[in-house]
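Here are the chains, one letter per residue:
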Amino acid sequence: MPGHNGEHDYGYLELFFRYFKMENSYKKLLEGNERFVTEKLSVDPDFFTNLAKQQTPEFLWIGCSDSRVPANEITGTKPGEIFVHRNIANMVVHTDVNFLSVLQYALEVLKVKHIIVCGHYGCGGVLTAMSQASMGLVDTWLRNIKEVYAKHEEELLAIEDMKKRSDRLVELNVCEQVKNLAKTSFIQQAWKSRSVQIHGWVYGLDTGKIKDLEVKVQKPEDLDPVFRYDI
Ligand code: CO
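Quantities reported herein were computed from a predicted structural model and do not represent experimental measurements.

## Section: unusual backbone geometry
Point 1. Notably, N90 is not glycine yet its phi reads approximately 40°, a positive angle.
Point 2. Here N90 lies in the loop between strand 2 (82–87) and helix 5 (97–108).
Point 3. Phi at E214 takes a positive value of approximately 50°, unusual for a residue other than glycine.
Point 4. With respect to the helices, strands and loops of the structure, E214 is situated in the segment after strand 5 (210–212).

Here's what the structure looks like:
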């Protein structure tokens with residue numbers, strides 16, 4: 001078949017095989033699952049039966065949906081150790097019923113001790129939010145990051161290097177999401193009776209390392225009075 005624009009010239013047979021390969025790429029996931037089960041059982045025959053009894057994670061992870069930032073893998077933790085919520089650009093949005101349900105369950109039922117908001121440098125969501133690109137529905141979601149940008153515009157515009165500027169916005173966005181977390185009634189309710197620590201981290205895609213931003217928002221008094229609930 002002659003290629004359009006003269007760039008490719010695949011035969012029908014080659015096209016068929018390319019299509020066939022793509023259509024079946026999902027099978028490696030099922031094969032991977034079989035290896036996972038075999039490996040786990042070879043180390044501990046009760047691995048799954050014990051795990052199935054209950055989950056008692058100490059950590060709630062709020063991370064980006066980016067496929068390169070898997071919570072368990074980059075923290076060397078096992079299934080059962082981290083309760084996970086992921087969305088584009090690790091946002092804490094106070095009208096997001098999905099996130100709020102995860103948060104309430106994590107605090108009230110699982111009684112997690114630490115909540116980690118983990119962003120990552122080179123985040124596509126943050127980069128898009130810095131631009132004027134329009135991508136449909138996702139614009140509404142990224143609008144929350146534009147607000148963070150606007151809030152810190154002076155600091156950001158003083159950074160001339162665009163990579164450094166976007167890296168800084170990634171960090172500022174994590175700090176704002178930590179604050180958004182502290183502004184929820186659920187965390188303030190939990191703080192009444194016990195300690196729950198909130199952490200703001202950024203993961204480096206090109207180093208594999210996590211940087212702790214050491215965000216200091218650990219009690220209602222760390223927030224502007226208007227955000228404190230009389231609980
Ligand atoms: Co991202």
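After that view of the structure, there is still more to cover.
## Structural notes on helix 10 (residues 185–193)
Point 1. Within helix 10 the residues assigned to the buried category are I187, Q188, A190 and W191. On an axial view of helix 10, the arc spanned by its buried residues comes to 160°, and they lie on one face. Counted as exposed and oriented over 90 degrees from the buried face of helix 10: K192 and S193.
Point 2. Buried positions along helix 10 lie against helix 5, strand 3 (114–120), helix 9 (162–182) and strand 4 (197–203).

## Quick word on the side chain of Q188
Point 1. Summarising the element assignment, Q188 is placed in helix 10.
Point 2. Exposure remark for Q188: the relative accessible area of 3% places this residue in the buried category.
Point 3. Side-chain polar atoms of Q188 contact the backbone oxygen of A182, separated by 3.0 Å.
Point 4. Here the side chain of Q188 touches Y229 through a polar contact of 2.7 Å, landing on its backbone nitrogen.
Point 5. Not counting chain neighbours up to four residues away, the residues in contact with Q188 comprise A182, K183, L223, F227, R228, Y229 and I231.

## Quick look at the sheet that holds strand 4
Point 1. Read across the sheet, five strands follow the order 2-1-3-4-5 without closing on themselves; strand pairing throughout is mixed. Either end of the sheet is taken by a strand with one partner, and the two such strands are strand 2 and strand 5. Taking the axes of each pair of neighbouring strands and ignoring which way they run, one obtains an average angle of 25° across the sheet.
Point 2. The pairing of strand 1 (residues 59–64) with strand 3 spans five bridges and is classified as parallel.

## Regarding the pattern of salt bridges
Point 1. On inspection of all chains with the given rule, the structure shows ten salt bridges.
Point 2. Put simply, E147 and R143 hold a salt bridge, and the shortest N to O gap is 2.5 Å. With E147 and R143 both in helix 7 (residues 138–151), this residue pair falls four residues apart, about one helical turn.
Point 3. Using a relative accessible area of 40% as the deciding quantity, one classes E147 as partly exposed.
Point 4. By relative accessible area, which is 47% here, R143 ends up partly exposed.
Point 5. Here K211 and E171 are joined by a salt bridge, their closest N and O atoms 3.0 Å apart. Taken together, the residues K211 in strand 5 and E171 in helix 9 connect sequence positions 40 residues apart.
Point 6. According to the relative accessible area criterion, K211 is partly exposed, its value standing at 40%.
Point 7. Given a relative accessible area of 10%, E171 falls into the buried group.

Conventions used here
Residues numbered from 1 in each chain as written. Predicted model: local features only at pLDDT ≥ 70, side-chain atom pairs only at ≥ 80, totals over all residues. Heavy atoms only, no water. Helix = DSSP H or I, 4+ residues; strand = E, 2+ residues; numbered from the N terminus. Buried < 20%, exposed > 50% of the residue type's maximum accessible area, 1.4 Å probe, protein only. Arc of directions from axis to C-beta. Contact = heavy atoms within 4.5 Å. Polar contact = N/O pair within 3.5 Å; in protein donor to acceptor, adjacent residues only side chain to side chain. Pairing = 2+ DSSP bridges. Axes fitted to C-alpha atoms, helices over the stretch in contact; angles between N-to-C directions. Salt bridge = Lys/Arg side-chain N within 4 Å of Asp/Glu carboxyl O.

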